[in-house]
Amino acid sequence: MTDIRRVAVVGAGQMGSGIAEVFARAGLDTVVCEAGPDALRAARGRIDRSLHRAVERGRLTEEQRADAWAHLLFADDLEALADRQLVVEAVVEDEQVKTDILGALDKILADDRAILATNTSAIPVTRLGIATSRASRVLGLHFFNPAPVMPLIEVVSSLHTDPTVLDQVAAFAAQMLGKHVIRSRDRAGFVVNALLVPYLLSAIRMAEAGHASPEDIDAGMVHGCAHPMGPLQLADLIGLDTVEAIARSLYAEYKEPLYAPPPLLARMVEAGLLGRKSGRGFHRHSAG
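Overview of the structure.

This part covers the overall build of the chain. Helix and strand counts for the chain stand at eleven helices and eight strands. Against the compact-globule benchmark of 19 Å for 288 residues, the chain has a radius of gyration of 19 Å, which places it among compact chains. The principal-axis extent of the C-alpha atoms belonging to the chain is close to 55 × 45 × 35 Å. Across the 288 residues that make up the chain, the buried fraction comes to 52%. Sequence-distant contacts, at least 24 apart, represent 67% of the contacts inside the chain between residues at least 6 apart. On the chain, roughly 13000 Å² of surface is accessible, and the fraction owed to carbon and sulfur atoms is 53%. Of the side chains in the chain, 30 bear a positive and 36 a negative charge, and the two mean positions are spaced by 2 Å.

The following block contains the structure:
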């Protein structure tokens, strides 16, 4: 059984807020760290709305919602995380931003046994870990969106990760968080995105070429292949900026054309058409 009880999440956007909620619902002492009061206010709102939806849908009782909320603290200074046993970095999918955060956390964490995890979707963990002095205690802990609902976690070892740390975090994810754990070696895209993203990019190329409308592409995969969601709906849910960032990481590593972001995807990201988070991507989405 794992002894991790004090945790934190750095970056509380859509994914980070979901991860923090997962931790709080598991009864863990959870600190949510964001850059400034406006970002913290937005994070509180996201978590609060998600917890209330869970009650409305019968996934939580009102007592469980209140208990989860009681396990959350909010901070806008990394120094507040000094006593944490596990910190998950969930900031924007940008290698420089992530290495800067991990390097700062490495200096702040008081316990040299504390573990740093990255929720990166595709950036090699080894490159992130060597930005710290504790590369043996850095690993990937990749949640899926929405984190409170999706059962999977990828636990990713770098070339430096201590196998006992990997086992400890895998046990934590399974026993404390109730997640289904799969393990991956440190390759861009890990398991799921290495399979998923070429499929999403293929659907985008199909729409770009005018072979079919986004609605028909999605309907084909939902009604013809029994997928719960079409590929363009899924890309909108993930965020088209995130899909593009993952594709760029995959292409940089493998140089295979199937990983290259299509021009349409790049233009949509430049235009701020990011999918559900912006209200418009391949489909239109209502706010919230």
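Next, the rest of the story.
All right, on to the pairing of strand E2 (residues 29-33) then. The buried count for E2 comes to four of five residues, which makes it a mostly enclosed element. Since strand E1 (residues 6-10) and E2 lie parallel, the crossover through helix H1 (residues 14-25) that links them has a hand, and here it is right-handed.

Looking now at the pattern of salt bridges. Applying the stated criterion to the full structure yields 14 salt bridges. Between Arg-25 and Glu-21 there is a salt bridge whose closest N-O contact spans 2.8 Å. With Arg-25 and Glu-21 both in helix H1 and four residues apart, this pair spans about one turn of that helix. You can call Arg-25 partly exposed: its relative accessible area is 28%. Glu-21 sits in the buried class, given a relative accessible area of 2%. With its nearest N and O atoms 3.0 Å apart, the salt bridge here joins Arg-127 to Glu-95. In this pair, Arg-127 sits in helix H5 (residues 125-129) while Glu-95 sits in helix H4 (residues 95-108), placing the two residues 32 residues apart along the sequence.

Looking at the second largest pocket, its volume works out to about 180 Å³. If you go around the second largest pocket, the residues you meet are Asp-3, Ile-4, Arg-6, Arg-84, Gln-85, Asp-111, Arg-113, Ala-114, Ile-115, Arg-137 and Gln-168. In terms of residue class, the lining of the second largest pocket is made up of three nonpolar, two polar and six charged.

On to the sheet that holds strand E6 (residues 138-143), then. Pairing is mixed across the open sheet formed by eight strands, whose spatial order is E3-E2-E1-E4-E5-E6-E7-E8. With partners counted over all chains shown, the strands left at the sheet margins are strand E3 (72-75) and strand E8 (180-184), one partner each. On average, each strand axis in the sheet is tilted by 25° relative to the strand beside it, whichever way the strands run. Note: E2 against E3, four bridges, orientation parallel. Bridged to Val-32 within E3 is Phe-74. Against the sheet, helix H2 (residues 37-56) engages E2 and E3, with an angle of about 160° to E3.

This part covers helix H11 (residues 263-270). Listed in full, the buried residues belonging to H11 are Leu-265, Ala-266, Met-268 and Val-269. The arc that holds every buried residue of H11, seen down its axis, measures 165°, which confines them to one face. Elements that come into contact with the buried residues of H11 comprise helix H7 (192-208) and helix H10 (240-254).

What follows concerns the nonpolar core. Ranked by internal contacts, the top residues of the largest apolar core, which has 38 residues, are Ile-19, Phe-23, Leu-86, Leu-141, Phe-143, Phe-172 and Leu-177. Element by element, the count of residues in this core is highest for helix H6 (residues 163-176), at six residues. Ignoring anything within four residues of it in the chain, the contact list for Phe-143 reads Met-15, Ile-19, Val-22, Phe-23, Asn-119, Leu-152, Ile-153 and Leu-177. Among the nonpolar cores identified, the runner-up in size contains 23 residues, and Leu-201, Ala-203, Leu-240 and Ala-247 belong to it.

Let's shift gears to H10. Its 15 residues place the ends of H10 21 Å apart at the C-alpha level, agreeing with the 21 Å of an ideal helix rising 1.5 Å per residue. Regarding H10, the residues found buried are Leu-240, Thr-242, Val-243, Glu-244, Ala-245, Ile-246, Ala-247, Ser-249 and Leu-250. Structurally, H10 contributes buried residues whose contacts are with H7, helix H9 (231-238) and H11. Positive backbone phi, at 55°, marks Lys-255, one or two positions downstream of H10.

Right, let's talk about the environment of His-285 for a bit. Mapping His-285 onto the fold places it in the segment after H11. Spatially, the C-alpha atom of His-285 lies 23 Å from that of Val-55, the residues being 230 residues apart in sequence. Leaving out residues up to four positions away in the same chain, His-285 has contacts with Asp-236, Gly-275, Arg-276, Gly-279 and Arg-280. At 2.8 Å, the side chain of His-285 and the side chain of Asp-236 are in polar contact.

Definitions and cut-offs
- Residues numbered from 1 in each chain as written.
- Predicted model: local features only at pLDDT ≥ 70, side-chain atom pairs only at ≥ 80, totals over all residues.
- Heavy atoms only, no water.
- Helix = DSSP H or I, 4+ residues; strand = E, 2+ residues; numbered from the N terminus.
- Rg over C-alpha atoms; globule rule 2.2 N^0.38 Å.
- Buried < 20%, exposed > 50% of the residue type's maximum accessible area, 1.4 Å probe, protein only.
- Contact = heavy atoms within 4.5 Å.
- Areas by Shrake-Rupley, 256 points an atom, 1.4 Å probe, with all protein chains shown as cover.
- Lys, Arg positive; Asp, Glu negative; His and termini not counted.
- Charge placed at Lys NZ, Arg CZ, Asp CG, Glu CD.
- Right-handed = clockwise from strand over helix to strand, strands pointing away.
- Salt bridge = Lys/Arg side-chain N within 4 Å of Asp/Glu carboxyl O.
- 1 Å grid on protein atoms, 1.4 Å probe; cavity = no way out; pocket = protein on both sides within 12 Å on 5 of 7 lines; lining within 4 Å.
- Points joined across faces, edges and corners; volume = space filled by probe spheres on them.
- Nonpolar A, V, L, I, M, F, W, Y, C, P; charged D, E, K, R; others polar.
- Pairing = 2+ DSSP bridges.
- Axes fitted to C-alpha atoms, helices over the stretch in contact; angles between N-to-C directions.
- Arc of directions from axis to C-beta.
- Core = buried A, V, L, I, M, F, W, Y, C linked by side-chain atoms within 4.5 Å.
- Expected span 1.5 Å × (residues − 1).
- Polar contact = N/O pair within 3.5 Å; in protein donor to acceptor, adjacent residues only side chain to side chain.

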